[in-house]
Amino acid sequence: MNTTNQSAILIMLTLSILQPTCSTITPTTTISNHLYPVILVPGSGGNQLEARLTAAYKPSSLLCKAWRGRCLIRDSDAVDDEMMEKDGWYRIWFDPTVLVGPFTKCFSERMMLYYDGVSDDYYNAPGVEIRVPNFGSTKSLLYLDPSLKQITVYMAHLVESLKSIGYSDGSTLFGAPYDFRYGLANEGQSCRVGSKYLKDLTHLIEQASASNGGNPVIIVSHSLGGLFALQLLTRRSPSWRQKYVKHFIALSAPWGGTVQEMATFASGYTLGVPLVNPLLVRQEQRSSESNLWLMPSPKVFRSSNPLVITPNATYTAKDITKFLGDIGFSEGIHPYKTRIVPLTERFEAPNVPITCVIGSGVKTPETLFYGDKGFDEQPDIVYGDGDGTVNMVSLLALEEEWRDEKNQTIEVIKLDGVSHTEILRDRNALDEVLRIVRGLNSDITHYHKIEEYVQERTY
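Residues numbered from 1 in each chain as written. Predicted model: local features only at pLDDT ≥ 70, side-chain atom pairs only at ≥ 80, totals over all residues. Heavy atoms only, no water.

**Q** Explain unusual backbone geometry residue by residue, including any values.
**A** The bulk of non-glycine residues show a negative phi, and the bulk of peptide bonds are trans. In this chain, Trp93 is followed by Phe94 through a cis amide linkage whose omega measures 5°. Tracing the backbone shows Phe94 in the loop between strand E3 (90–93) and helix H3 (101–111). (Helix = DSSP H or I, 4+ residues; strand = E, 2+ residues; numbered from the N terminus.)

So this is what it looks like as structure tokens:
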């Protein structure tokens, strides 16, 4: 997936053209019983979503009326144990039938969000209910479609790696999937879905700590998940962070957004996969609150750098509102100005140790050129450095911002040639994550050995 910056359909398309590169992991023979619990926070499109249609659903065509998605399959240890839901729920993300043009349109209209200016919040399409399965478990993060594991693998290699050093799903290893179409707004501003997710994530962290002897957790995020995790940390008190969070590992986090997001909004984005017309998914991609969150931040991208050039205008990161109007998405201007800009105009240091693991040396869109045919055509692109999705200036934004922060520890690990999603399966990347986790756990093991020694001497 170029998970972070794309709406659901685009993320899956990227995954479908990548081949797994992770080598087999041999479990360690000696495993400590003392582990800091790990919480995995996926990126955009990085977990399964389920949908159900109600009587209020108004399909745009007879095909969409008839198409109810594939039967919902519950993945388990054996295919024979698969079960069908009887109450109308089906897996909407990911379903391979959406790669077929007519079904793509049905998928898009069901995944659409609608911004309501009166309540100042986002809502599902009328008649469409969407839920996130298996919160607290890694199950919905492993594969986006359990029946197509080879081409929809997501965090399976990372989870396998963590299990090889003693982690266990639901015991010391937890997943925090979410409805990645939604984003966040400032505290106190209406944001039902995003705020509930942060509340649920807070509870999960506290429960994981409590069930592991009070040990604080290690948060491991990918892509957009890093933005949610950082917002969670900065919205909690210093005492809460000190008690519950040991370390934050952010993989491929787009701290300042991406130039690619402007192409997504302008002309839709399918990564060149011929099965889908980008214009079929453009409106759904524009409606995503989280996609709007990933527009290039004026704080990170220099105002002198042109990001989009047309025959009639040039747009920098400070011209996003004009850009939204010119591409025909004026309804995005108000939520961008009132919800997104306040989130991106400053980076508050959480005073929790952070390690950013990023790819580099992969050509990444830096400037988009549109011709006389306008935004319905795909742009010509000038590339720069990054991970193929996120620009280097965005990947390094926190390091630059917190250079003089005395109480904030931040380490950046660059992996040459590793792309935005390959980082979840690349052997060197996984080894870096394991090195950090092992190092942290060696401290806790040492502490418990001293504690046991003192107890033995006392009694």
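**Q** Help me get a handle on the state of the cysteines, residues and values and all.
**A** One pass over the structure, following the stated rule, counts one disulfide. Here Cys64 connects covalently by a disulfide to Cys106, the sulfurs 2.1 Å from one another. On the sign convention where negative means left-handed, the S-S torsion of about -90° between Cys64 and Cys106 marks this disulfide as left-handed. In this pair, Cys64 sits in helix H2 (residues 62–66) while Cys106 sits in helix H3, placing the two residues 42 residues apart along the sequence. Given the relative accessible area of 0%, Cys106 is considered buried. (Disulfide = S-S within 2.5 Å. Buried < 20%, exposed > 50% of the residue type's maximum accessible area, 1.4 Å probe, protein only.)

**Q** Let's hear about the sheet that holds strand E1 (residues 38–41): which residues, and what values?
**A** The strands that make up a sheet pair up through hydrogen bonds in the backbone, lying either parallel or antiparallel. Strand order across the open sheet formed by six strands is E7-E1-E8-E9-E12-E15, with parallel pairing between neighbours. Sheet topology places strand E7 (173–175) and strand E15 (410–416) at the edges, where each strand pairs with a single neighbour. On average, each strand axis in the sheet is tilted by 15° relative to the strand beside it, whichever way the strands run. With seven bridges connecting them, strand E12 (residues 354–360) and E15 associate as parallel partners. Bridge assignment links Gly359 to a residue of E15, and that residue is Leu415. Contacts from helix H8 (residues 224–234) reach E1, strand E8 (217–222) and strand E9 (245–251) within the one sheet, and its direction differs from that of E8 by about 140°. (Pairing = 2+ DSSP bridges. Axes fitted to C-alpha atoms, helices over the stretch in contact; angles between N-to-C directions. Contact = heavy atoms within 4.5 Å.)

**Q** Outline the sheet that holds strand E6 (residues 128–131), listing residues and values.
**A** Strand order in this open sheet of three strands is E3-E2-E6, and the pairing throughout is antiparallel. Of all strands in the sheet, those bounded by a partner on one side alone are E3 and E6. Across this sheet, the average inter-strand angle for adjacent strands is 40°, counted without regard to direction. Against the sheet, H3 engages strand E2 (49–53), E3 and E6, with an angle of about 90° to E3.

**Q** Can you explain the side chain of Gln285? Please cite residues and give values.
**A** Locating Gln285 in the fold gives a position in helix H11 (residues 278–287). A distance of 3.3 Å separates the side chain of Gln285 from the backbone oxygen of Tyr269, its partner in a polar contact. (Polar contact = N/O pair within 3.5 Å; in protein donor to acceptor, adjacent residues only side chain to side chain.)

**Q** Any details on the pairing of strand E5 (residues 121–124)? Residues and values, ideally.
**A** Regular strands place their side chains on alternate faces of the sheet. Alignment of strand E4 (residues 113–116) against E5, held across four bridges, turns out to be antiparallel. Bridge pairing links Asp116 to Asp121 in E5. Counting the residues in the hairpin turn of E4 and E5 gives four residues, including Asp120, whose phi is positive at 55°.

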